[in-house]
Amino acid sequence: MSDNTQPEQNQDLTGEASPEELEAAQAANEADVLSAAQAEVAVLQAKNTELADSFLRAKAETDNARRRADEEVAKARKFALESFAESLLPVADSLEAGLAIQDATVEQVREGAEATLKQLKSALERNRVVAIDPAAGAKFDPAQHQAISMVPADQEANTVVSVLQKGYLIAERVLRPALVTVAAAK
């Protein structure tokens, strides 16, 4: 036979690859798959590192924001109290000045007390402290009034007859309810 007509050494007459060639091709394919898997693992590890870093940064930022917010709340409370106290200082000054006058007449004491009360009310209003002083005949409101007693009266039941002590709101929240007597049902 001539050299051109003979099949190659590693192939049989049917044209199929030899077991060695198949094994080499399979090994090359496995190496490619392994290489691709290793590359994918490297990409995923880099992504994991990036996400872990982002998480730590976000956590630190959240912790810092929470700390700053707590500090702001503490400052707001401190300075709100400071502002309130500062608005009461003129009232204290007026009381001290009135007490320093040894030979004041009853009229002078009364005028001083009225002026000082006006200062106090002004200071309270500046700090959003508002009196709860319901008029006679106003409907009883359990959220703002505290009924001390029910009395017979010539007005509708469950209405305010008289105010025994004013109540106060601070920023629309009841600081102290008004003590009232309420008309009893007839």
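Please refer to the structure higher up on the page.
Residues numbered from 1 in each chain as written. Predicted model: local features only at pLDDT ≥ 70, side-chain atom pairs only at ≥ 80, totals over all residues. Heavy atoms only, no water.

Novice: Explain the overall build of the protein to me, and be specific about the residues and the numbers.
Specialist: Scanning the protein for helices and strands turns up two helices and six strands. Counted from the first residue to the last, the protein has its helices and strands arranged as α-α-β-β-β-β-β-β. Computed over the C-alpha atoms, the radius of gyration of the protein is 45 Å, more than 25% above the 16 Å expected from 2.2 N^0.38 for a compact globule of 186 residues. By principal-axis analysis of the C-alpha atoms, the protein measures approximately 150 × 55 × 20 Å. Long-range pairs, those at least 24 residues apart, make up 60% of the contacts in the protein between residues at least 6 apart in sequence. When the accessible surface of the protein is split by element, carbon and sulfur atoms take 56% of a total near 14,800 Å². Charged side chains of the protein number 19 positive and 31 negative; the gap between the two group centres comes to 22 Å. (Helix = DSSP H or I, 4+ residues; strand = E, 2+ residues; numbered from the N terminus. Rg over C-alpha atoms; globule rule 2.2 N^0.38 Å. Contact = heavy atoms within 4.5 Å. Areas by Shrake-Rupley, 256 points an atom, 1.4 Å probe, with all protein chains shown as cover. Lys, Arg positive; Asp, Glu negative; His and termini not counted. Charge placed at Lys NZ, Arg CZ, Asp CG, Glu CD.)

Novice: Describe helix α1 (residues 19-100), with residues and values.
Specialist: Its 82 residues place the ends of α1 119 Å apart at the C-alpha level, agreeing with the 122 Å of an ideal helix rising 1.5 Å per residue. Of all the bends found along α1, the most pronounced is centred on L88 and spans about 25 degrees, while P90, a proline, follows it within four residues. (Expected span 1.5 Å × (residues − 1). Bend = angle between axes of the 7 residues up to and from the residue.)

Novice: Go over the packing of α1 against helix α2 (residues 106-126) with me, naming the residues and quoting the values.
Specialist: Two numbers describe how α1 lies on α2: the axes approach to 9 Å, and their chain directions differ by 180 degrees. One element, α1, and the other, α2, form an angle in the roughly antiparallel class. Side by side, α1 and α2 meet where F84, S87, L88, P90, V91, S94 and L95 of the first sit next to T116, Q119, L120, A123, L124 and R126 of the second. Here the contact of α1 with α2 is built from residues that sort into eight nonpolar, four polar and one charged. (Axes fitted to C-alpha atoms, helices over the stretch in contact; angles between N-to-C directions. Parallel < 35°, antiparallel > 145°, perpendicular 65-115°, else oblique. Nonpolar A, V, L, I, M, F, W, Y, C, P; charged D, E, K, R; others polar.)

Novice: So, the environment of L88: which residues are in play, and what are the values?
Specialist: Looking at the secondary structure, you find L88 in helix α1. Between the C-alpha atom of L88 and that of L120, which follows or precedes it by 32 residues, the distance is 6.9 Å. Setting aside residues no more than four positions away along its own chain, L88 makes contact with L120 and A123.

Novice: Help me get a handle on the sheet that holds strand β3 (residues 160-165), residues and values and all.
Specialist: Pairing in this open sheet of three strands is mixed, and the strands run β2-β6-β3 from one edge to the other. Two strands close off the open sheet at either side, each with one partner strand: β2 (145-151) and β3. Strand-to-strand twist in this sheet, taken as the mean axis angle between neighbours without regard to direction, amounts to 30 degrees. Across four bridges, β3 lies against strand β6 (residues 178-183) in antiparallel orientation. (Pairing = 2+ DSSP bridges.)

Novice: Explain the pattern of salt bridges residue by residue, including any values.
Specialist: Scanning the model with the defined rule gives five salt bridges in all. Its salt-bridge partner being D63, residue R66 comes within 3.5 Å of it at the nearest N-O pair. Of this pair, R66 and D63 both sit in helix α1, separated by three residues, roughly a single helical turn. When the shortest N-O distance is used, the salt bridge between E114 and R110 registers 3.4 Å. On the criterion of helical spacing, the pair formed by E114 and R110 is a turn pair, its members being four residues apart in helix α2. Each of K59, D63 and R66 takes part in salt bridges that share partners, so that together they form one network. (Salt bridge = Lys/Arg side-chain N within 4 Å of Asp/Glu carboxyl O.)

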